[in-house]
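Chain residues, written in single-letter form:
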Amino acid sequence: MEEVSADPKFWEDPENSQKLLQQIKQLRNKVTVFEKLSSQYDDVVTLAELGIEEQDASVISEAQALSETFKAAYEKLRIETLLSGEYD
């Protein structure tokens, strides 16, 4: 964002510059949500593998609980993505 806003021509049209800055902010928020979801997925997989490897039922149940949290967050993101179009 800094590169775009550093160009003096960028600020010549304040309306468009504000729209662009808002779009950048929204995209960064989406990336942050995706990165968090990706991290949760990695945690679920790692925990499940550890539970299976160690044959530890408590770790496996913890992985299952984390998996449910992940699925809920994933489903929320999926629906938001499906309904984020111009005509939705």
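1. Thoughts on the overall build of the protein
Point 1. A count of helices and strands for the protein gives 3 helices and 0 strands.
Point 2. Element order for the protein, N to C, with α for helix and β for strand: α-α-α.
Point 3. For the protein, whose C-alpha radius of gyration is 20 Å, the value lies well above the compact-globule estimate of 12 Å for 88 residues.
Point 4. Each of the three principal axes of the protein carries a C-alpha extent, and together these read 65 × 30 × 10 Å.
Point 5. Across the protein, contacts joining residues at least 24 apart in sequence account for 32% of those joining residues at least 6 apart.
Point 6. Accessible area of the protein: about 7200 Å², with a carbon and sulfur share of 56%.
Point 7. Each charge class in the protein was averaged separately, 9 positive and 19 negative side chains, and the resulting centres sit 8 Å apart.

2. Brief notes about the packing of helix 2 (residues 14–54) against helix 3 (residues 57–82)
Each pair of packed helices gets described by two things: the angle between the helix axes and the distance between those axes.
Point 1. The interhelical angle for the contact between helix 2 and helix 3, taken along N-to-C directions, is 155°, at an axis separation of 9 Å. When the interaxial angle is binned, helix 2 and helix 3 end up roughly antiparallel. Remark: the crossing between helix 2 and helix 3 carries left-handed chirality. Judged by residue contacts, Val33, Leu37, Gln40, Tyr41, Asp43, Val44, Leu47, Ala48, Leu50, Gly51 and Ile52 of helix 2 engage Val59, Ile60, Glu62, Ala63, Leu66, Ser67, Thr69, Phe70, Ala73, Tyr74 and Leu77 from helix 3.
Point 2. Its residues assigned to classes, the contact of helix 2 with helix 3 comprises 16 nonpolar, 4 polar and 2 charged.

3. Some points on the packing of aromatic side chains
Point 1. A complete count under the given rule lists 3 aromatic pairs for this structure.
Point 2. An angle of 50° between the planes, with centres 5.6 Å apart, marks the rings of Tyr41 and Phe70 as tilted. Taken as a pair, Tyr41 in helix 2 and Phe70 in helix 3 lie far apart in primary sequence, 29 residues in all.
Point 3. You can call Phe70 buried: its relative accessible area is 16%.
Point 4. One aromatic cluster in this structure is built from Tyr41, Phe70 and Tyr74.

4. Considerations on the side chain of Gln40
Point 1. Along the chain, Gln40 turns up in helix 2.
Point 2. Ignoring sequence-local partners within four residues, the contact set of Gln40 consists of Thr69, Phe70 and Ala73.

5. Concerning a nonpolar patch on the surface
Point 1. Judged by side-chain polarity, Ile79, Leu82 and Leu83 come together as a nonpolar surface patch covering roughly 290 Å² of accessible area.
Point 2. Residue position: Ile79 is located in helix 3.

6. So, the confidence of the model for the protein
Point 1. For the protein, mean pLDDT is 89; residues scoring 70 or higher make up 93% of the total.
Point 2. For the protein, the element scoring lowest by mean pLDDT is helix 1 (residues 2–6), at 68; helix 3 scores highest, at 94.

Definitions and limits used
- Residues numbered from 1 in each chain as written.
- Predicted model: local features only at pLDDT ≥ 70, side-chain atom pairs only at ≥ 80, totals over all residues.
- Heavy atoms only, no water.
- Helix = DSSP H or I, 4+ residues; strand = E, 2+ residues; numbered from the N terminus.
- Rg over C-alpha atoms; globule rule 2.2 N^0.38 Å.
- Contact = heavy atoms within 4.5 Å.
- Areas by Shrake-Rupley, 256 points an atom, 1.4 Å probe, with all protein chains shown as cover.
- Lys, Arg positive; Asp, Glu negative; His and termini not counted.
- Charge placed at Lys NZ, Arg CZ, Asp CG, Glu CD.
- Axes fitted to C-alpha atoms, helices over the stretch in contact; angles between N-to-C directions.
- Parallel < 35°, antiparallel > 145°, perpendicular 65-115°, else oblique.
- Left-handed = near helix turned anticlockwise from the far one by under 90°.
- Nonpolar A, V, L, I, M, F, W, Y, C, P; charged D, E, K, R; others polar.
- Phe/Tyr/Trp six-rings, centres within 6.5 Å; stacked < 30°, edge-to-face > 60°.
- Buried < 20%, exposed > 50% of the residue type's maximum accessible area, 1.4 Å probe, protein only.
- Patch = residues over 30% accessible without salt bridge, like charges linked within 9 Å, V, L, I, M, F, W, Y side chains within 5 Å.
- Salt bridge = Lys/Arg side-chain N within 4 Å of Asp/Glu carboxyl O.
- pLDDT = per-residue confidence, 0-100.

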